[in-house]
Amino acid sequence: MSALREANYFYIPVIFLWGSLTSWFRAKRWNILLSAGKQVVTTKVFWANMVGYLGNIILPARAGELVRAAYLGKENDIPVSFVLATGLVERFMDLIALVILGSTSLALSGIVSAQLETALKLMTVVAFAGLIGILSVPYIGNKLIISMPSLPGVQPSAKEKVYEFLKQFLHGVEALHHPSRASMFILFTCLIWVMDGVGVVIIAKTVHMNISMLQSFILLASLGLSSAIPSTPGYVGVYQFVAVVVLSPFEIPKLSALILIVFLQAMNFLTIITWGWAGIARASTFLGKKRVTVS
């Protein structure tokens, strides 16, 4: 408890602003994929993102992904299936980035964690299976769309709805196939994870800990990979376990690792809850305007 009392709380506003800026860049990155279907103001993407992140904290099975897709689609008159597909592509690319980040950082550190190495091998298979899926699904899906009219026993109205859903979903998956969009997406991904790494270093200083960027990257990769597995709301307990396992080879005491991860989660929650609830309040405004327009 003395570590909590002696923490340098001066850093909290800095961490909040840093986390908010990182979230803004995440919105900019997602908007690169969304531009394949429609130009959207980044501010609107930011609000949808934050509401979705809040949903991931509260709801099970990462249901926030559906929330942010519905939020953005409804406000901007974009097919939700298209928005959802771009969101899934974004998540898969983040998974691949985490695998590369974790593997590279672990190799450079010279410390091999058996648990993390096993997890990385497993997630590498999953990540590259997802990448193959992103590259191949449009071709498979297009064949399915072509065969839609010949499906027996399906009402024409149902065929039309399924056809439209698949068409928009595949369009979203194809968003990363464009070279310039893919290049900008990768550039923003690198920027985001470097900023996240710096954020962890700042949080460590808050509790008078010194960790390197390399250690920060290994911790972030481990936390990111663990979050891909269904868990408790907010990953409470899971993140604590991962932090202790990952940081112990660097001779960081268990208590220090726990305090660090508690601060990291607390600041993450503060950023998401602040902007997420603001996004929900904002949603009631634009949804109300739509109802007035319709009436």
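Below is a short write-up of the structure. Computed from a predicted structure; not experimentally measured. (Residues numbered from 1 in each chain as written. Predicted model: local features only at pLDDT ≥ 70, side-chain atom pairs only at ≥ 80, totals over all residues. Heavy atoms only, no water.)

It is the contact of helix α5 (residues 80-109) with helix α9 (residues 213-227), at a shortest axis distance of 8 Å, that shows an interaxial angle of 140°. For the element pair α5 / α9, the angle class is oblique. Once α5 is placed against α9, the crossing between them reads as left-handed. Taking contact as the criterion, the partners of Leu95, Leu98, Val99, Leu101, Gly102, Ser105, Leu106, Leu108 and Ser109 in α5 are, on α9, Leu214, Phe217, Ile218, Leu220, Ala221, Gly224 and Leu225. In terms of residue class, the contact of α5 with α9 is built from 12 nonpolar, four polar and no charged. (Axes fitted to C-alpha atoms, helices over the stretch in contact; angles between N-to-C directions. Helix = DSSP H or I, 4+ residues; strand = E, 2+ residues; numbered from the N terminus. Parallel < 35°, antiparallel > 145°, perpendicular 65-115°, else oblique. Left-handed = near helix turned anticlockwise from the far one by under 90°. Contact = heavy atoms within 4.5 Å. Nonpolar A, V, L, I, M, F, W, Y, C, P; charged D, E, K, R; others polar.)

For the rest of this paragraph, the subject is unusual backbone geometry. We note that His208 has phi near 60°; this positive angle belongs to a residue other than glycine. Judged by its relative accessible area of 53%, His208 falls in the exposed class. Even without a glycine there, the phi angle at Glu251 is positive, about 60°. Mapped onto the secondary structure, Glu251 falls in the loop between α10 (238-247) and α11 (254-294). (Buried < 20%, exposed > 50% of the residue type's maximum accessible area, 1.4 Å probe, protein only.)

Counted by the stated rule, this structure contains eight aromatic pairs. An angle of 15° between the planes, with centres 6.1 Å apart, marks the rings of Phe16 and Trp275 as stacked. Of the two residues, Phe16 sits in helix α2 (residues 11-34) while Trp275 sits in helix α11, which places them 259 residues apart along the sequence. On the accessibility criterion, Phe16 (17% relative accessible area) is buried. Both rings, one in Phe25 and one in Phe188, keep their centres 6.1 Å apart while their planes meet at 45°; by these two values the pair is tilted. Pair noted here: Phe25 is in helix α2 and Phe188 is in helix α8 (residues 179-206), with a separation of 163 residues, a long-range link. By the ring-pair criterion, three or more aromatic residues cluster together here, those being Phe16, Trp24, Phe46, Trp47 and Trp275. A cation over a ring is seen here: Arg26 above Trp193, with NZ or CZ 5.1 Å from the ring centre. One Lys or Arg, Arg68, reaches over the ring of Trp30 and ends 4.0 Å from the middle of that ring. (Phe/Tyr/Trp six-rings, centres within 6.5 Å; stacked < 30°, edge-to-face > 60°. Lys NZ or Arg CZ within 6 Å of the ring centre and 35° of its normal.)

Quick look at the packing of helix α4 (residues 64-76) against α5 now. Packed helices, taken two at a time, are described by their axes: the angle between them and the distance between them. Put simply, α4 and α5 touch, their axes get as near as 8 Å, and they point 135° apart. Here α5 runs oblique to α4, going by the angle between their axes. Crossing of α4 against α5: the hand is right-handed. Of the residues in α5, those touching α4 at Glu65, Leu66, Arg68, Ala69, Ala70, Leu72 and Gly73 are Val80, Val83, Leu84, Gly87, Glu90 and Arg91. Of the residues assigned to the contact of α4 with α5, the class counts are seven nonpolar, two polar and four charged.

So, about a nonpolar patch on the surface. Together, Ile58, Leu59, Ile273, Trp277 and Ile280 make up an exposed nonpolar region whose accessible area comes to about 450 Å². Per-element accounting of the nonpolar patch gives the leading share, three residues, to α11. Relative to the helices and strands, Ile58 resides in helix α3 (residues 42-58). (Patch = residues over 30% accessible without salt bridge, like charges linked within 9 Å, V, L, I, M, F, W, Y side chains within 5 Å. Areas by Shrake-Rupley, 256 points an atom, 1.4 Å probe, with all protein chains shown as cover. Salt bridge = Lys/Arg side-chain N within 4 Å of Asp/Glu carboxyl O.)

This part covers the nonpolar core. Membership of the largest hydrophobic core comes to 73 residues, with the highest contact counts inside it found for Leu72, Val83 and Leu260. In this view, Leu260 contacts Val200, Ile203, Ala204, Met209, Ile211, Leu219 and Leu247; residues no more than four positions away in its chain are not counted. (Core = buried A, V, L, I, M, F, W, Y, C linked by side-chain atoms within 4.5 Å.)

Once the charged atoms of two side chains with opposite charge are near each other, the side chains can pair. Counted according to the given criterion, the structure contains nine salt bridges. With a shortest N-O distance of 3.3 Å, Asp94 and Arg26 are connected by a salt bridge. Of this pair, Asp94 sits in helix α5 while Arg26 is found in helix α2, placing the two residues 68 residues apart along the sequence. This pair shows no difference in class: Asp94 is buried, exactly as Arg26 is. Close ionic contact of Arg29 with Asp94 constitutes a salt bridge, the shortest N to O distance being 2.9 Å. With Arg29 in helix α2 and Asp94 in helix α5, the pair connects residues that are 65 residues apart, well separated along the chain. Residues Arg29 and Asp94 agree in their burial class; the two are buried. Counted as one network, the salt bridges with shared partners bring together Arg26, Arg29, Arg62, Glu65, Arg68, Glu90, Arg91, Asp94 and Asp196.

Next up on the list: the environment of Ala63. Along the chain, Ala63 falls in the loop between α3 and α4. Residue class for Ala63 comes out partly exposed when judged on its relative accessible area of 21%. Spatially, the C-alpha atoms of Ala63 and Gly52 are 8.0 Å apart, while their sequence positions differ by 11 residues.

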